[in-house]
Amino acid sequence: MLNLEEFHDYVADHIKDFLPAELQDAEVKKHMVAKNNDQEYHAITIQPEGAIVAPTLYMETMFRDYQNGADLNQMMTKLGDTIAQGLADGKSLGHISTDFTDFENVKDNVIMCLVGREKNQKLLADCPHTNMEDLAIVYRVAVNANDEELSSILIHNAQMEAWGTSVEELQALAEKNTPRILQPTVVTMEEALSQAMGIPAEDIPPSAVPMYVISNRTKLSGAATILNDEVMQELAQRMGENFYVLPSSIHECLAVPESFGTPQELSMLVQEVNDTEVTPEERLSDHVYHYDAEKHTLSLADTSVEELQKVSEKNENYDTKPDQAEAQKPRRHTR
Amino acid sequence: MKEVIAMDMNAAGVLVEKEKKPEGTAKRLAGYALKISKKGKEKEHA
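What counts, and at which threshold
Residues numbered from 1 in each chain as written. Chains lettered and ligands numbered in written order. Predicted model: local features only at pLDDT ≥ 70, side-chain atom pairs only at ≥ 80, totals over all residues. Heavy atoms only, no water. Axes fitted to C-alpha atoms, helices over the stretch in contact; angles between N-to-C directions. Helix = DSSP H or I, 4+ residues; strand = E, 2+ residues; numbered from the N terminus. Left-handed = near helix turned anticlockwise from the far one by under 90°. Contact = heavy atoms within 4.5 Å. Nonpolar A, V, L, I, M, F, W, Y, C, P; charged D, E, K, R; others polar. Phe/Tyr/Trp six-rings, centres within 6.5 Å; stacked < 30°, edge-to-face > 60°. Buried < 20%, exposed > 50% of the residue type's maximum accessible area, 1.4 Å probe, protein only. pLDDT = per-residue confidence, 0-100. Buried area = accessible area lost by both parts, 1.4 Å probe. Salt bridge = Lys/Arg side-chain N within 4 Å of Asp/Glu carboxyl O. Polar contact = N/O pair within 3.5 Å; in protein donor to acceptor, adjacent residues only side chain to side chain.

Asker: Would you take a moment to explain the packing of helix α11 (residues 263-277) of chain A against helix α1 (residues 25-45) of chain B for this structure?
Answerer: Helix-helix packing: each pair is described by the crossing angle between the helix axes and the interaxial distance. At their nearest, the axes of α11 of chain A and α1 of chain B sit 10 Å apart, and the two run at 145° to each other. You can see that α11 of chain A and α1 of chain B cross each other, and the crossing is right-handed. Between α11 of chain A and α1 of chain B, the residues in contact are E265, L269, V270, E272, V273, T276 and E277 of chain A and K27, R28, G31, Y32, K35, I36, K39 and K43 of chain B, respectively. Here the residues of the contact of α11 of chain A with α1 of chain B are counted per class, giving 5 nonpolar, 2 polar and 8 charged.

Asker: What's the story with the packing of aromatic side chains in this structure? I'm lost.
Answerer: Describing an aromatic ring pair means giving the distance of the ring centres and the angle of the ring planes. Residues and elements named next belong to chain A. Within this structure, the stated rule accounts for 7 aromatic pairs over all chains. An angle of 70° between the planes, with centres 5.2 Å apart, marks the rings of F100 and W163 as edge-to-face. Taken together, the residues F100 in the loop between α4 (96-99) and α5 (103-106) and W163 in helix α7 (residues 157-163) connect sequence positions 63 residues apart. You'll find F100 and W163 in the same group, each marked buried. For the ring pair F103 and W163, a centre distance of 5.1 Å and an interplane angle of 35° mean the geometry is tilted. With F103 in helix α5 and W163 in helix α7, this residue pair connects regions lying 60 residues apart in the sequence.

Asker: Whenever I open this one, the confidence of the model for chain A confuses me. Can you help?
Answerer: Close reading of the predicted structure is inappropriate where its pLDDT is low. Counting all residues, the mean pLDDT for chain A is 91, and 93% of those residues have values of 70 or more. Note on residues 321-326 of chain A: pLDDT under 50 across the span, and 7 contacts to partners over four residues away in sequence or across chains.

Asker: I would appreciate a short explanation of the interface of chain B and chain A in the present structure.
Answerer: One widely used convention gives an interface's size as the accessible area the parts lose upon coming together. With 36 residues of chain B in contact, the opposing surface of chain A contributes 66 residues. Interface area for chain B against chain A, summed over the two sides, is near 4,600 Å², with a carbon-plus-sulfur share of 64%. When residues of chain B are sorted by the area they lose upon contact with chain A, E19, R28 and Y32 of chain B head the list and together hold 16% of the total. Joining chain B to chain A, the criterion identifies 9 salt bridges. The shortest N-O distance in the salt bridge between E272 of chain A and K35 of chain B comes to 3.0 Å. The interface formed by chain B and chain A holds 17 residue pairs in polar contact (both at pLDDT 80 or more) in total. Of all the secondary-structure elements, those providing two or more residues to the side of chain B that touches chain A are β1 (7-11), β2 (14-20) and α1 of chain B.

Take a look at the structure:
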């Protein structure tokens, strides 16, 4: 049985045996790709001769299947088919390399996503971002967004500089574009479970505690919807009181009425679910936020950035600028 | 083996990340629903 490193080597060394004749001159690059929460993935990129678009495939899911007894030969055959299909589909992305150099071409597609600050230090050092308590807003260019998938490009510092733009401009564009492209959603927990499990809502036992799921139509990178003050105001009206926000994952957040419990109780619950049900790449935060409808503010409820900095082993994990110690005002978005 | 192999596209050095609907959403939400409901019942009986 191969370990993950050996599996990565094996796929890179043998994939050409499973590719069609026209791809035998393709270059196979073996490398690591950093994703959310500084999680690194084993990747191979297949670059056909003269092509500007190349599929990058990740080994982790395939390796899990291999460990669970999947036939390696069948996996490689499937992988070869996927690469050929990916190259055919990817032809439509050929325009990106030219479009991406001109800010005018991309500015209407700049969107925002939320990540945790502490576990994304490497990523944040290289990407324009705006701090929001223990979270950071990063910016992406949406290439394709529909109800099933989201294709996007993370904006790095070098790209922002080449465009001659600023974090402030990216933030303003993202506030305008994100609701239009990703479309915020707020549904009850019962509705969300019904959609996620594919069963009728009436088959989900109703909860005694009102719980709402805040996300977007793609259900991908939907946690940033908590920064949309219009959505938060509507939810406060629906609940009839201020509420706590639980960072379920980078894809969605939950809201419960403030009368439900203390932030400390809720924070323990978030940590339990993060430890048992959320993949490391999808974790957003272990902390709870309070939305004050009158003040239009969203702020850490169970701790503060200063407290987190004190307990952090690395002092550089949180750069506490004076304005970030205060409650943050979600911006009003244009729908 | 899963039908979907995790794949992004590299377009002239720019990584286009393709995300499909996350598989763990139901499990994650169910985890919260159960724990919050349980806490709610405990509070009712307290």
